[in-house]
Amino acid sequence: MEQRKNVFPKKHVKIDLWLVAILVLAAFLYGWNIWKAGSANSFYTSAIISMSESWKNFWYASFDPAGFITVDKPPVALWFMVIFVKIFGLHGWSIVISSVLFSLGSVFLIYKMIKPYFGTLAARIAALLMTLTPIVVADARTNNMDATLVFFLLLACYVLQKAVSKHNIWLVGLAFALVGVSFNVKMLQAFMILPAMYVFYWIASKENWKRILWGSVVGTIALIVFTLSWPLAVDSVSKQNRPYIGSSSTNSVLNLAFGYNGTQRLLGQTTGTGGTFTGMGNSKKGTKTKAPNTKKLTNSNKQNKAGGKAPGMTKGTGKTGNNAGGGNSIFNVGTAGVTRLFQTALGQQISWYLPLALVGLIIAYLAAYDTKKKWWQLNRRQEQLIYWAGWLVPVAGFFSVASFFHPYYTIMLAPPIAVLAAVGISSFIESLNTVPSKKNYWLRGIMGVGIITNGALQAFFVWEYSVIAGIVVAVISVIMSIFIIFNYSKVKLFTAVGLLGLLWLPAFWSLTPTISAESAAIPTSGPSLLSGNGQSAGSIGDSSANTKLISYLNKHNGSKVKYLFATTDSNTAAPYIIKTKKAVMTIGGYNGTDNAITLKQFKKLVKKGEIKYFYISSHTNNNAIVRWVKKHGKKISASTYGGNSSSTTPSGMSKKGGRGPQQSAKGGAGGKKNMAKFQGKKPKKMGKMGKMVKNKKNKKSNTAGKMSGGMGQQQSSVLYELD
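Structural notes, computed from the coordinates. (Residues numbered from 1 in each chain as written. Predicted model: local features only at pLDDT ≥ 70, side-chain atom pairs only at ≥ 80, totals over all residues. Heavy atoms only, no water.)

**Focus on the overall build of the protein**
Here is step 1: Summing up its helical and strand segments, the protein has 27 helices and 9 strands in all.
Here is step 2: In the protein, which comprises 723 residues, the share counted as buried stands at 62%. (Helix = DSSP H or I, 4+ residues; strand = E, 2+ residues; numbered from the N terminus. Buried < 20%, exposed > 50% of the residue type's maximum accessible area, 1.4 Å probe, protein only.)

Laid out in structure tokens, this is it:
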């Protein structure tokens, strides 16, 4: 009897065990200890709680359960977080698990994008370098939007690769549509890769120019539609029927996108602030600039970034004040200019492989260059190199000159740095057998210079923590480079050893957020995290909710009351929303400077009985509503509601997750006890590698509370009853 043919033949999927091992390592770094995440970024955690309570809040990304005001970002990343909270309940790990998964997805996508063009070795190295980039680990462990943003941008670039290889215009549309989705993750930051995508599509498509033009039109239309669909839908709704758009100056999503989250990121804050303050490292001369909208600055409990300098110190220049990021390290981004990414302020988070990436771009391009063709006749590898360089250059340029951003935003640079460094190494190893000896000598010389330069930069980054570690990495780099240049027979071995010599320090830096259970509003990495006894100085603003105050308000608020209380800013309100799941009105948005409600409107709500109490925190500004409250409200004695009893633990969240020192009832970041606890404390050891945190300079980083209260003058928190 004739045997039937198998209509559906089995596909043998070959599993790359090295990739599996890298993903397991990434899962450990990104996911270990996330059950201690606490409220992470309490601002977004409050929104997650509010969005989980109604579809309206879910759609608008409402900060509070009453839907009074939104957060300062679009809702897409938060939607994923809300879904996990609805499935698993509110826990520290459930609010950050989506970031962990998206980060793992980014590692996998890099592997998939590199393997078809540069081979398995390059793909493995790229995935490993992405995994061991410190700021990637730190961002993966929070409920900020950056890990989600990077994943969708990589997905867009991957789909465009497929569109070019398959000659599929509709995939081009999908690729640019994904950039539109990314816009609704973190707005204009997503558009920084658009030049790379357009250029790559035109140079890599093997079709006639008319079809390429048509594909560009389709992609642009998809980009516009998916970019503007949510903003226009929100802005088209009557302002009386939706929340106020937080951090906008005109109650508009488009204003938020192109203002606070757009041009002001490049040029510096000019609206919604209470004045000026010394700059954020954006001036070579240290001149004063407009203050950023003191978001993520006000009353910060966050320690200085893991670079290790005391608050107010710009490590790139050694100056204090003018280049220090507004007196707090969350804006310490070094001195603007071509060297900014090589300064410690940003470099210790993102630039561990940057020299190797720049050299790798040159090596890979030269190795792929065919002398028989004209210089403009590009092969597939050269097209891919332009693709990744097109991502790296504009993003690096932006961070080199921009005025208003946090160091953790530099995760945007992680994919192109990892890829270019990896393809440079793999192309160099391939060239040993394929490139003529004369050309190969030049490539060996370039690679040797790259390893030495990269080793010197890493020694510079680590020098303040451990001179010995700096010397070791420098010596290894020099020795391996000499062997690579002059010993042809074992170049592959020396290249591998040189790479390993450049991996151990960033690997240690990447491990610090995991060991210290870091899950902060301003994520960071570095040995100074290990000085906190496994607890990072996490959430920004008030990190505690006064439980006796909550009991007092629950007892004395009437049945008509809509809001537990009103206050000026989200930093004060967030812990109470997390703790009680009740609405708290923030009349000024994140930092108290939004014009979300007028005095006339506020008085109407008081008259209707929807607001009975107003809580003036330690960082309240003196706007019209606050002045009215002070004049007409009845001050409630702190002893009446037990001003010193507080709890950082929301229902359903681990107590170990409390991020950083608790806020004292009298204001200030952590109070005297916690300041004493964190200031000058000896770092915790981590075996031999942990010795680097013993350096004296590292002790200076443990000064949480030194700049307590953020900007402005300190005052005690006061509760007022309104008639």
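Let us keep going from here.
**Notes on the layout of surface pockets**
Here is step 1: Here the largest pocket defines a volume of roughly 660 Å³.
Here is step 2: Top element by residues in the lining of the largest pocket is helix 23 (residues 599-608). It accounts for 4 residues.
Here is step 3: Of the residues assigned to the lining of the largest pocket, the class counts are 8 nonpolar, 7 polar and 7 charged. (1 Å grid on protein atoms, 1.4 Å probe; cavity = no way out; pocket = protein on both sides within 12 Å on 5 of 7 lines; lining within 4 Å. Points joined across faces, edges and corners; volume = space filled by probe spheres on them. Nonpolar A, V, L, I, M, F, W, Y, C, P; charged D, E, K, R; others polar.)

**Considerations on the pairing of strand 9 (residues 718-721)**
Here is step 1: The side-chain alternation of strand 9 yields two buried faces, one formed by V718 and Y720 and the other by L719 and E721.
Here is step 2: As judged from the 4 bridges shared by strand 7 (residues 613-616) and strand 9, these two strands associate in the antiparallel manner. Bridged to I616 within strand 9 is V718.
Here is step 3: Note: strand 8 (residues 634-636) against strand 9, 3 bridges, orientation antiparallel. Bridged to K635 within strand 9 is Y720. (Pairing = 2+ DSSP bridges.)

**Points about the side chain of T227**
Here is step 1: Topologically, T227 is positioned in helix 11 (residues 209-235).
Here is step 2: In terms of polar contacts, T227 uses its side chain to reach the backbone carbonyl oxygen of L223, at 2.6 Å.
Here is step 3: Excluding residues within four positions of it along the chain, T227 makes contact with G180, F183, N184 and F191. (Polar contact = N/O pair within 3.5 Å; in protein donor to acceptor, adjacent residues only side chain to side chain. Contact = heavy atoms within 4.5 Å.)

**Describing a positive patch on the surface**
Here is step 1: Together, K14, K112, K115, K162 and K166 make up a positively charged patch on the protein surface.
Here is step 2: Every element with two or more residues in the positive patch is listed here: helix 5 (97-118) and helix 8 (146-166).
Here is step 3: In this structure, K162 sits in helix 8. (Patch = residues over 30% accessible without salt bridge, like charges linked within 9 Å, V, L, I, M, F, W, Y side chains within 5 Å. Areas by Shrake-Rupley, 256 points an atom, 1.4 Å probe, with all protein chains shown as cover. Salt bridge = Lys/Arg side-chain N within 4 Å of Asp/Glu carboxyl O. Lys, Arg positive; Asp, Glu negative; His and termini not counted. Charge placed at Lys NZ, Arg CZ, Asp CG, Glu CD.)

**A look at a nonpolar patch on the surface**
Here is step 1: Residues W202, W209, L213, W214, V217, I221, V225 and F226 make up a contiguous nonpolar surface patch of roughly 810 Å² in combined accessible area.
Here is step 2: The leading source of residues in the nonpolar patch is helix 11, at 7 residues.
Here is step 3: Within the secondary structure layout, V217 lies in helix 11.

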